[in-house]
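# Coordinates in review
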Amino acid sequence: MVSASTSKDSEYYLDQEATNLLSYTHECSLRDEPHYLQNRIKSPKSLSFRVRQCFLIDSNHPQTKRFFQSSYMYRSELVRHIKSDYWFIIHPFSRFRFYWEIWLMFYMYTITILIPLQVSFATVLRHSDHLYYVSFVLNVIATTELVVNCITGFSRDKYYRNIQFSPWEIFKNYLKGKFVIDFLFAFPVSLLVKVSGIESRSLGIFLDVYSVVMFLKLLTVSVIWNYLINIFEKFNLSMIFYNILRLSMISVLFLHWCACFYKLAVTFMDDPERGLDPKWDEQQDFLLNIHNGIAARYGFCCRAASYYLFVRSFPKLEEPSTIFAKVLVSICIIVGICFNFYLFLQIYKLITIMSSTKRKYAEAVSELQAYMKIKQFPMEVKNRLLFYYEKKFEKYYFAEDKILEMLSETLKNRISENSARRFYEQVPVFKGIPSNILLALVQGMEKEIYLPNDILLKAGTKGSKMYFIYTGSVAIYTQSGKEIAHMYDGNHCGEVSLFLRTKRLVNVIAIEFTQVFVLRRKVFLDLIPPESLLYRRLEDIAKERMQLVLHEEEQYKSHLLMVNAGND
């Protein structure tokens, strides 16, 4: 596909704005459609309507903006969900699911702290009822999570174009994933053991085994970072802060886990060399004494683990002399070196990758502002150009033409074919046309971007190209100013100019950020013969739309004459 490069695309828009400073303010005169949920629940003011709306796809959800970029795609997904037999299922991109995942993020992070703490200091915890209270709360939350996951839709498609709402399909997919782990974690084992009256020794062995099983839950904690990045995208926070926060959370967990495992290692077995190192014996005695309390012993483990992990950052302390202690200390030092290396790589990556793309974007915006200052554009045009840059680059600068230059012809063709296929598969008029013809046609098109209220087609001017909407929406106006339709993803306009050299009959205005593919008359006539199915389809559509526009224009002019006559 012949797509305009980054620099050419920007220059095109700059020239367009510089030569045509006027934009059309779209004020929709078509009747606003009621929310489709009213087909299920009549009153939009009722509590059930508002609650159910929270379970439907949310236009402000970060994943919705990523995978359902235009209002048409969002509306289609909303209608598909409500029309289905399983409209009560929670959409994965709903408002409820977003805030539920915020809660899950804190819950999962708390689990990663509590599980190793419970395993390491279980002896103390079992002497009080606190363990069972904590277990009860975790079981309730885990059960709720289990239920919510069983009624939340899912998709195996990486573009989320086909989200499954069938409860049976959801359960089968969940069963293949982490259902067993979630079920084991939700099962109230600790409470059942408590009320069963099992002997103390058997109880300890059973809870030790169950504590190990609980570690399986930690296999699912990677979702924390997905939830966190959604929060940053939702509230438009800097991704640099996301990486800093993520690295800080990982560092805290690492130190916490090391402290807990240090305690386990010191007290796991009787030291055969006991008595050879008084200081090491003191550590063991202190950690084995349950009367010292969890806080005191946990603090001691944190200090000791920190010293051995980051030994170069602390003053020299006396090293242990027994073989068991030396092995443990050596392991801690090796793990600490590896973690320090990991920190260094992450910080280096943060500086070199994140800052470089943002710096390039800032430099591009700075150049744009200097250009606008020299050209003395009005404030409205300046704001629109800045908005264009923000939408085009998403605050990260990249030079598409330079990236493509480094690729082989094979890779370029694969990228072109993939982009072309994703485009023409959503255009109804291309249905049934051989893919080789469509690929050649799409590769002859050009990509253009329009901001809200930009004019794509202007009535009264001669045209030589038509437009296919890739993402976004446009409004269609007759020459006298009547709004007659909206068009969305996969629709097209301006096809009359491919067959007739007449002046355009309509104005086409972008309603939102809209990406289109432009097909010029020469390319169309060179590739599509008059006897082909696609040629006849577009010709029939052009004739039908011409008649419709002329009819609407005539009726609207008659209406205006009657109104003027009544006023006179």
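Reading the values: the criteria
- Residues numbered from 1 in each chain as written.
- Predicted model: local features only at pLDDT ≥ 70, side-chain atom pairs only at ≥ 80, totals over all residues.
- Heavy atoms only, no water.
- Helix = DSSP H or I, 4+ residues; strand = E, 2+ residues; numbered from the N terminus.
- Buried < 20%, exposed > 50% of the residue type's maximum accessible area, 1.4 Å probe, protein only.
- Contact = heavy atoms within 4.5 Å.
- Areas by Shrake-Rupley, 256 points an atom, 1.4 Å probe, with all protein chains shown as cover.
- Core = buried A, V, L, I, M, F, W, Y, C linked by side-chain atoms within 4.5 Å.
- Pairing = 2+ DSSP bridges.
- Axes fitted to C-alpha atoms, helices over the stretch in contact; angles between N-to-C directions.
- Phe/Tyr/Trp six-rings, centres within 6.5 Å; stacked < 30°, edge-to-face > 60°.
- Lys NZ or Arg CZ within 6 Å of the ring centre and 35° of its normal.
- Polar contact = N/O pair within 3.5 Å; in protein donor to acceptor, adjacent residues only side chain to side chain.
- pLDDT = per-residue confidence, 0-100.
- 1 Å grid on protein atoms, 1.4 Å probe; cavity = no way out; pocket = protein on both sides within 12 Å on 5 of 7 lines; lining within 4 Å.
- Points joined across faces, edges and corners; volume = space filled by probe spheres on them.
- Nonpolar A, V, L, I, M, F, W, Y, C, P; charged D, E, K, R; others polar.
- Salt bridge = Lys/Arg side-chain N within 4 Å of Asp/Glu carboxyl O.
- Parallel < 35°, antiparallel > 145°, perpendicular 65-115°, else oblique.
- Left-handed = near helix turned anticlockwise from the far one by under 90°.

## Some thoughts on the overall build of the protein
- Secondary structure summary: the protein contains 22 helices and eight strands in total.
- Among the 568 residues that make up the protein, the fraction classed as buried is 41%.
- At a minimum sequence separation of 6, the contacts of the protein that also span at least 24 residues come to 75%.
- Here the protein displays about 31,600 Å² of accessible surface, and carbon together with sulfur accounts for 61% of that area.

## A look at the nonpolar core
- The biggest cluster of nonpolar side chains holds 29 residues, and the ones touching the most others in it are Y107, I111, F185, I224, W225 and L228.
- Every element with two or more residues in this core is listed here: α5 (95-120), α7 (130-150), α9 (179-186), α12 (223-234) and α13 (239-267).
- By residue number, the principal contributor to this core is α5, which donates ten residues.
- Contact partners of W225, with chain neighbours within four places excluded, come to Y242, R246, M249 and I250.
- Of all hydrophobic cores here, the second largest spans 23 residues; its members include V429, L439, M466 and Y535.

## Brief notes about the sheet that holds strand β2 (residues 455-457)
- Strand order in the open sheet formed by four strands is β2-β7-β4-β5, with antiparallel pairing between adjacent strands. The open sheet has two edge strands, β2 and β5 (483-487), and neither has a second partner. Neighbour-to-neighbour, the strand axes of the sheet open up by a mean angle of 30°, direction not taken into account.
- Where strand β4 (residues 474-478) and β5 come together, four bridges link them in antiparallel fashion. Bridged to A475 within β5 is H486.

## Observations regarding the packing of aromatic side chains
- According to the stated counting rule, one finds 28 aromatic pairs in the structure shown.
- For the ring pair Y174 and F179, a centre distance of 5.4 Å and an interplane angle of 80° mean the geometry is edge-to-face. Of the two residues examined, Y174 and F179, each falls in the buried class.
- Arranged with centres 5.6 Å apart and planes meeting at 15°, the rings of F524 and Y535 form a pair that is stacked. Placement of the pair is F524 in helix α21 (residues 521-527) and Y535 in helix α22 (residues 533-567), with a sequence separation of eleven residues.
- Look at F524 and you get buried, because its relative accessible area is 0%.
- Counting every residue linked through ring pairs, the aromatic cluster contains W168, F171, Y174, F179 and F183.
- Above the plane of the ring of F98 lies K234, whose end atom (NZ or CZ) is 5.3 Å from the centre.
- Across from the ring centre of W225, 5.1 Å away, lies the NZ or CZ of R246, which sits over that ring.

## A look at the environment of K482
- Assignment of secondary structure puts K482 in the loop between β4 and β5.
- Measuring from C-alpha to C-alpha, the distance between K482 and V506 comes to 9.5 Å, with 24 residues separating the pair along the chain.
- Setting aside anything within four residues of it in sequence, one finds K482 in contact with I476, Y477, E552 and Y556.
- A polar contact of 2.7 Å, which involves the side chain of K482, links it to the side chain of E552.

## So, the confidence of the model for the protein
- In this model, the protein carries a mean pLDDT of 81, and residues with pLDDT of at least 70 account for 79%.
- Across the protein, the element-wise mean pLDDT spans from 44 in helix α1 (residues 6-19) up to 95 in strand β6 (residues 492-493).
- With pLDDT under 50 throughout, residues 1-8 is counted as low confidence; its partners more than four residues away or in other chains account for 22 contacts.

## Concerning the layout of surface pockets
- Each pocket or cavity is described by its volume, and for the second largest pocket that value is around 750 Å³.
- If you go around the second largest pocket, you meet 24 residues; those closest to its centre are R97, E101, G153, Y160 and Y227.
- Broken down by secondary-structure element, the contributors of at least two residues to the lining of the second largest pocket are α3 (62-67), α5, α8 (167-176) and α12.
- Residue composition of the lining of the second largest pocket, by class: nine nonpolar, eleven polar and four charged.

## Side note on the pattern of salt bridges
- In total, this model carries eleven salt bridges according to the counting rule given.
- Among the ionic pairs, R520 bridges to E446, the shortest N-O distance being 3.3 Å. With a gap of 74 residues between them, R520 in strand β8 (residues 514-520) and E446 in strand β1 (residues 446-450) connect regions that are remote in the sequence.
- When its relative accessible area of 31% is taken as the criterion, E446 is described as partly exposed.
- Linking E553 and K557 is a salt bridge whose minimum nitrogen-to-oxygen distance equals 3.9 Å. Taken as a pair, E553 and K557 lie in helix α22 at a separation of four residues, close to a single helical turn.

## As for the environment of K382
- By the element assignment, K382 lies in helix α17 (residues 379-393).
- Beyond its immediate sequence surroundings of up to four residues, K382 is in contact with M372 and F377.

## Concerning the packing of α5 against α12
- Relative orientation of the contacting elements α5 and α12 amounts to 135°, with a least axis distance of 9 Å. What the angle tells us is that α5 and α12 run oblique. When the axes of α5 and α12 are compared, the crossing they make is left-handed. Contacts between α5 and α12 pair R97, F98, E101, I102, L104, M105, M108 and Y109 from the former with V223, I224, Y227, L228, N230, I231 and K234 from the latter.
- Tallied by class, the residues present in the contact of α5 with α12 amount to eleven nonpolar, one polar and three charged.

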